[in-house]
Structures are given as structure tokens and as C-alpha cells.
Amino acid sequence: MNKKESKITRRKFVNLGAKGYASVQLACALPVSVLANTGRNSLETSTFHGVCYHDCPDSCSWEVKVQDDKVISFGGDKANPFTAGKLCGKMETFPDDITYHPDRLLTPMKRIGKKGEGKFEPISWEQAIGEIGDQLKQTITEHGSESVLSHGYMGTQSIVQKTVMSSRFFARMEASDIAHTICGGAVIPANFEVNGTAMGVLPEDMVHSRYIILWGTNTKNSNVHQWPFVLKAKEAGAKIIVVDPFVSATAKEADWHIQPLPGTDVALALSMMNVMINEDLVDQDYIDNYTSGYKDLKEHVKSYSPKSVSDICGLPEEDIIQFAREYAKGDPSLIRILVGIEHNYNGGDGTRAVAILPSLTGAWRKLGGGLMHLTFEMSGRALNWERLDFHRQMPTQPKRTLNMVQIGQLLNNLNLDPVIKSIFIYNSNPMVTSPNANLTKKGLEREDLLTVVLEHFMTETAKYADYVFPATTQLEHWDIGDSWGQVYININQPAITPLGEAKPNSEFFRIMAHEMGYTDECFKESDMDLVKSAFDSDHPYLDGIDFEYMQKNGWARYKIPEPFLPHADGNFSTASGKCEFISQSSGLPTYKEVSYTEKEKTDHPLQLLTIKNTKGFHNSSHANVKHLQQKEGLPWLDIHADDAKARDIQNGDELMIFNQRGKVILEAKISARIRPGVVCMPHGYWPSLIKGGQASNNLTDDQLTDIGGGAALQDCRVQVAKA
Ligand code: SF4
């Protein structure tokens, strides 16, 4: 086939693809109830079901009303008992903030300036896809398919646009895959090593708990629909304990805030065990029947006496003893963890130690007792993943997986075999969300690197792209919203026609597959086909729940057997079927002191926490929305009075926070929210939108956690001085 014929075919496909998508989507978007008599371009009002796409435990259900193809009202779906009609502040005005935002990208763009300069010109889909296809084919011929890297993440956690078509595309290409490790990278495998699962106590069953430990989680701000269950339990007599090195909004509400030094959770939990075992506060019957490794653990924790751990954690010995006693006697006790515990070098073992505690006390025996962690396994069991994860059955597979925590190192490593020559970035903004951002920047500046970004806005990362494609928002495409924090499943119906030339991520990869000559049937499935397939399941959790049901109702609670007491009689999903105190791969959980050179300790004596405590931003999302920026104000550095005094720093002084990786300029807030020796700044601000052009991840290190290759972001040392 000559070039001209190829172009004609390409043009036909792109046009067909777009029209095919639009026509299929238009007809099928409408709820069954209104299919007969209305349409998007009608002046009648149509109502659509949807779900928030953010990487958030709540997964709120919403309802969108549309008239004449425009959103006229948007809000939480009041019928859903868990999210109860309430969206958080950052999402209440989502249509205007994101979908209809004047800065939204609505046409493909091609770079015309230097990488990072932000100079682009519009280009047609056809032209851009053709140019990328030509470059990719040449790259694969010269360097092999593994020189192409897929870098998707949780910019949407809804299943179809997060992964399905892109996974097929990169599996078909045999490109390099990325390990999704920044969030959950340590905490999930660690809990699996102990319990064989991250499933535990159901969110609603927290009301039965009488001693609740929110361990490294700012529930009030970042799990807003769980918070009412905390309050209900409290009303019923529960004591609320927060373990957090920072005085968060949640810590302020606690009956007892325990504030250990960052990264010492493992020592604290092992010391609690020391007390519980010494004082015979354990459930020996539960231990004997449903756990393994107790004898070794008992011996191991002898070296974690409250006296010896007191210095490590920076906690009074008597507090550790009291905490252990209260926890063991809680009737029942519940520990809630998410990802706060994992972002340090000891994160994996910290998680394992905490995950062992409920089996020592037999807390699992009672409703509301045990560990509450993640619920994603519910959808893993219920939905038809054989269809969704079709890429796993393909004869071609990605041959290497690279760790996203070290994306900067990877892009700069010219000895990598093969070196990364092309990167597709979708649902992610690594210039803001990955550690060691200046190294990432240097990598993305490589002139020989082909960078393709799918986005809503010209983000910090998109500025480094060669091509940026406009992605649809959650109001414009099909999807399925499962949850990792609760037990409801949602459908997301496209409520309006995609604005401008925006296309779903799935469609981008279908078009790209065609361009690459991949004719496999799996690239022909429409998004609605995928949603339908997902609900084509005979799993009992979806009894009576199918695509039609979801179209009509929007959401469903899994039909989970109740009461849900997954480990009342053991039944752990480990190889032994027991709660494993010793892991075959990691041994017993152990506190490891992070080793810094003397020079490092002198030059950068303060430990920096970079935390997600903004209410208006979601990681890096929404940080470009003016009214949310105004609500949040400028970021500042929390610094303890002792550390401020030693540096002659006053409240409101402009500060330089620096280390060998970067330099951030922020105002000082002398604060009792952190301990001496620790400073804290928020994560999520776009560097270019704050003075000095650098933000939290320009300082963080890309070292890995002890288990799972997660991000040890909070093991970051800095010095602070007046600017
Ligand atoms: S970000 Fe979380 S709490 Fe806010 S609307 Fe989305 S799912 Fe709900």
C-alpha cells in the first residue's frame, strides 16, 4: 500500500471511529426510561447516572440533568445510602471546573517550542496519529517495542478509561509496562503477606466498633463518607484514636491523638504486641487456631519494649503501654488504615505489624472488630474480568515492568536496555505526583524522547509532550466506577456529547491500534460493550444486578452475605489459610533505621512531610481551578517554634526549603501541628502556579519502601532558611 492509500484509509478510520463512537454513544447513553422520547439535543430534561472518577475511597454516585446537550444540574445521587447525595467540595462544581473550563484542551496539540516551554499549535487527529504512528514504527524497528513505555495511573479510577483499551494496546505492542506503586505499592502487598487479602471489616460495620484507631488516615478530609460512621460509633460509646505524625483535621477530633515520629509505626505496633503478650492480653485460642508464627513473633517483640521504643517513636513509654492495653481490651477494636502508613522506608513492615494486631486479640471474632483496609477485591470477584482484562489472555504481553516511583531515573538512564524512546502518559501527571520531579523534568526534556499525553488541561507534564490529545471528562464517556473504599458499584453514563474534538482514552488507543496495523477483534469492542460485559457475571455479589439494572439505577450495593465476618473463624487467604506473622519473603516485621550520612544529617537536618491535606485539590487535579485555589490559599510550611527559633524565622517569613534535589519557596507558619525536627507542606500544588516554580515533589526522594517497591516519600530530609 502506498502512502496516499494509507492516508485515505487512516482518514476514513479516524472519521468512522469518531462518528461510530458518537452515534453509538448517543443512542446508548440515554437511560432506558428516556430512550423512547428524548435525546441530548432535546429541550426536554434527561437524567443520567454517573460516578466520581477520582482516586478516592468514597466513589460518590451522582446524577446529571441535561437539556439541549448541556448540563443544567449536577449533584450527588441522594438514593445511594453510602454517599448519600453529598459530593465533596472539590467536586460540587465539577462541570464548570473541568468539563466547561475555558482552559480545557479541545483539540490535539503539537509542540512548536522547546520541551516544557508550553508552546503548541493545534493539529488534526489524523495528522497527529499518523505522525506518531510513523515515529513509533521506526522506534520499534530500531530499538524494539520495549523502548515504548505506557505510563497510565489513577487520574481516573473508573475502569474503562483507566486501563482496558490501553492495556490491550500495549500488550499487543509488547511495550514496557509501568508498575503502579506510588499509592498502595507497599501497603497492599504487605497486608496480603499477613492476611492474604486487603478485605476486612466493611465500612458500615464500623458503627459496631468500640475502640477505633484511624492509623495514618485523615478520614474527616479524605474519606468524607466514612466519617459519619466514625461519629455514629462515637455516639454509641466508641473511643476514637488517631495515630498520625501530623495534627490533621481528623486528629483534632480524636479522643486521643498519638503523634509518633514519621516512619516509626512498625516500632509502635511491635511494642504494643510486647505489652499485650507480656500482660496476657492476647486471645490464645484465636492465635492457636488461626495464625502461624506466634512463637517467633513472641520472641521477636521482646526487643521492642515500650522503654526501648519510646525514643524511636518519640512517645512516652506510658502512652505506648496504655495504648496497647486499651486496644487489646476494646470490645471490639477496629484499626482503619489506608496509605498514610506506607510512604516511608518502613512502610511495608509498618503495615504488616499493624495488620497482625487484630489476630493477636481475636478482634476479628466480632462485628466491627478487625482491620478495615481496602475493598477493591469485591469488584475483582464480582465483575466479569475475563472480558475486561482480555489483555492478559493475549499471546503478546509486556516483557518488562518499570517502577513509576523512579520515572525520573528511568527516563535519564541511557544504559537501560532498551532505553525509553517513547512514553504515553495518560491519567497521570508525573511532574507533580512523582518524587524527585526535577529528575523527571530532565528526562522529559530529552529531545530524542517521543512524549504523548492525553489530558484535560495543559498540565505541568503535558507541557513536555510532543503531542497532547484532548481527553473526555466523566460527563462525556461510558465507564464503570468500582471502589477501593466501600462496597457499591456504579455505572457512568455519558451525559453530553464530547466537547470539541475530545475523545475517551479508550478511543485514542483504538485509533492508535488501527494506525499500528493491529487488527485484533479486541480493539473493536465499544465502551458500552465493555460496560455490558463487565456486568455479564453470575457472581452472587451481582445477583439480580446486570447492565439493564445498572442503566436504570446507576449504582448497586454488592449482595454480600451478612453479617460479614471474614475472619471470625480464620479463613485467611494466605497459602496456609492462617494469618501469617512471618512472611516467607519478608520474615518478621522489623523496624529499620533509615541510614543517612553524617553530611546529610548536618546539611539537611529536618524531616519533610508532604501530605495530602488540601480539601480543594485531588492529588494534582483541580489545582488549576481558580476558586478552589482561592479557597486553599498559597501553600505554607508548618515549622515548629523550636526549629523556627533556631533559624530566626518568624510567622509569615518567606522561606527556602531545600535539599540536593530541589528548592521550594513558601511562607512560614510556626505551628504545633508537627513535632520539632519535622516540617510539613501540602502536596498537589502545580509548581508553575507557586513562587519559584517548584513544589513538594521537587524535594522528595525516589527511594523505595521495604516491601512492594512503593514510594518512601516521607523519608525526605531538608534544610530551611529565610529566602
Ligand atoms: S473526590 Fe471522593 S469524596 Fe469527592 S466527590 Fe469524588 S469520590 Fe466523592
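Per chain, residue numbering runs from 1 following the sequence as it is written. Confidence filtering applies because this is a predicted model: local features only for residues at pLDDT of at least 70, side-chain atom pairs given and counted only at 80 or more, and all residues used for totals across whole chains, interfaces and linings. The basis for the side-chain values is all heavy atoms of the structure; hydrogens and waters are excluded.

1. Here we look at the layout of surface pockets
Note on definitions: the grid is 1 Å and covers protein atoms alone; a cavity is a set of points where a 1.4 Å probe fits but cannot get out; a pocket is an open set with protein on both sides within 12 Å along at least five of seven lines; lining residues have an atom within 4 Å of a point. Grid points are joined across faces, edges and corners, and a volume is the space filled by probe spheres set on the points. What the largest pocket holds in volume is close to 1200 Å³. Taken together, 36 residues line the largest pocket, and the ones lying closest to its centre are Met-154, Lys-162, Thr-163, His-180 and Arg-392. For the purposes of this entry, the term helix denotes a DSSP run of H or I that reaches at least four residues, the term strand denotes a run of E that reaches at least two, and both are numbered from the N terminus. Of all the secondary-structure elements, those providing two or more residues to the lining of the largest pocket are strand 6 (148–152), helix 4 (159–173), strand 7 (177–179) and helix 15 (376–382). Top contributing element to the lining of the largest pocket by residue count: helix 4, with 6 residues. Amino acids are sorted into nonpolar (Ala, Val, Leu, Ile, Met, Phe, Trp, Tyr, Cys and Pro), charged (Asp, Glu, Lys and Arg) and polar (every other residue, Gly among them). The residue inventory of the lining of the largest pocket, partitioned by class, reads 14 nonpolar, 16 polar and 6 charged. Together, 22 residues line the second largest pocket, and Lys-86, Leu-87, Cys-88, Lys-220 and Val-224 are the ones closest to its centre. Of all the elements in the fold, those that place two or more residues in the lining of the second largest pocket are helix 6 (219–222), helix 7 (227–235) and helix 24 (626–632). Residue composition of the lining of the second largest pocket, by class: 10 nonpolar, 5 polar and 7 charged. An automatic or database domain assignment supplies the residue ranges for each domain. Both of domain 1 (187–376) and domain 2 (598–722) provide at least three residues apiece to the lining of the second largest pocket.

2. Structural notes on the environment of Leu-231
Looking at where Leu-231 falls in the secondary structure, it is placed in helix 7. Leu-231 sits 25 residues away from Met-206 along the chain, and the two C-alpha atoms are 9.8 Å apart.

3. What to know about the site of the ligand
The nearness test applies per residue and asks whether one of its heavy atoms lies within 4 Å of the molecule or strand. If you check the shell around the ligand, you find Cys-52, His-54, Cys-56, Asp-58, Ser-59, Cys-60, Cys-88, Lys-90, Met-91, Val-224 and His-618 and nothing else. In the shell around the ligand, the residues fall into 6 nonpolar, 3 polar and 2 charged.

4. Examining the sheet that holds strand 20 (residues 555–557)
Adjacent strands of a sheet pair through backbone hydrogen bonds, lying either parallel or antiparallel. Any two strands are treated as partners once DSSP identifies two or more bridges connecting them. Read across the sheet, 3 strands follow the order 18-19-20 without closing on themselves; strand pairing throughout is antiparallel. With one partner strand each, in any of the chains shown, strand 18 (479–481) and strand 20 form the two edges of the open sheet. Pairs of neighbouring strands in the sheet enclose a mean axial angle of 15 degrees, with direction left out of account. Taken together, the 3 bridges between strand 19 (residues 488–492) and strand 20 define a ladder with antiparallel strand orientation. Residue pairing for strand 20: Tyr-488 is matched across the bridge by Arg-557. Fitted lines through C-alpha atoms serve as axes, helices being fitted only where they are in contact, and the angles separating the N-to-C directions of these axes extend from 0 to 180 degrees.

5. A word on the domain arrangement of the protein chain
Segmentation of the protein chain into domains returns domain 1 (187–376) and domain 2 (598–722). Relative placement of domain 1 and domain 2: their C-alpha centres are 27 Å apart. Contacts are assigned to residue pairs with any non-hydrogen atoms lying within 4.5 Å of each other. With 23 residues of domain 1 at the contact, the number on the domain 2 side is 22 residues. Together domain 1 and domain 2 conceal approximately 1800 Å² of surface at their shared face, both sides included; 59% is due to carbon and sulfur atoms. Throughout, buried area stands for the accessible area (probe radius 1.4 Å) lost by two parts on being put together, summed over both.

6. Quick notes on the side chain of His-54
You can see His-54 is positioned in the loop between strand 1 (46–51) and strand 2 (61–67). Throughout, exposure labels follow a simple rule: accessible area from a 1.4 Å probe, protein chains only, divided by the maximum for the residue type, with under 20% read as buried, over 50% as exposed, and the rest as partly exposed. Assessed through its relative accessible area of 3%, His-54 is described here as buried. Polar side-chain contacts of His-54 include one of 2.7 Å to the side chain of His-622. Excluding its chain neighbours within four sequence positions, the residues that come into contact with His-54 are Met-91, Gln-157, His-618, Ser-621 and His-622. A 3.5 Å cut-off defines polar contacts: any pair of N or O atoms within that distance qualifies, except that in protein one atom must be a possible hydrogen donor and the other a possible acceptor, and neighbouring residues in sequence count only when both atoms are side-chain atoms.

7. Describing the pattern of salt bridges
The rule for a salt bridge is simple: a side-chain nitrogen of Lys or Arg has to be within 4 Å of a carboxyl oxygen of Asp or Glu. Throughout the structure, instances matching the rule amount to 38 salt bridges. The salt bridge partner of Arg-392 is Asp-389, with a shortest N-O separation of 3.1 Å. For Arg-392, a relative accessible area of 58% translates into the label exposed. With a shortest N-O distance of 3.1 Å, Lys-441 and Glu-445 are connected by a salt bridge. Judged by relative accessible area, Lys-441 falls into the partly exposed class, the value being 30%. A single salt-bridge network, built from bridges that share partners, covers Glu-193, Asp-349, Arg-352, Lys-592 and Asp-706.

8. A look at unusual backbone geometry
The peptide bond linking Asp-331 to Pro-332 adopts the cis configuration, its omega dihedral lying at 0 degrees. Among the structural elements, Pro-332 can be located in the loop between helix 13 (317–329) and strand 12 (333–337). With omega at -5 degrees, the peptide bond leading from Glu-562 into Pro-563 counts as cis. Looking at where Pro-563 falls in the secondary structure, it is placed in the loop between strand 20 and strand 21 (579–580). The backbone of Asn-436 shows a phi angle near 55 degrees, a positive value even though the residue is not glycine. The exposure class assigned to Asn-436 is buried, which follows from its relative accessible area of 11%. Phi angles above zero are rare outside glycine, and Asn-571 is one such case at about 55 degrees. Looking at the secondary structure, you find Asn-571 in the loop between strand 20 and strand 21. Owing to a relative accessible area of 56%, Asn-571 belongs among the exposed residues under this scheme.

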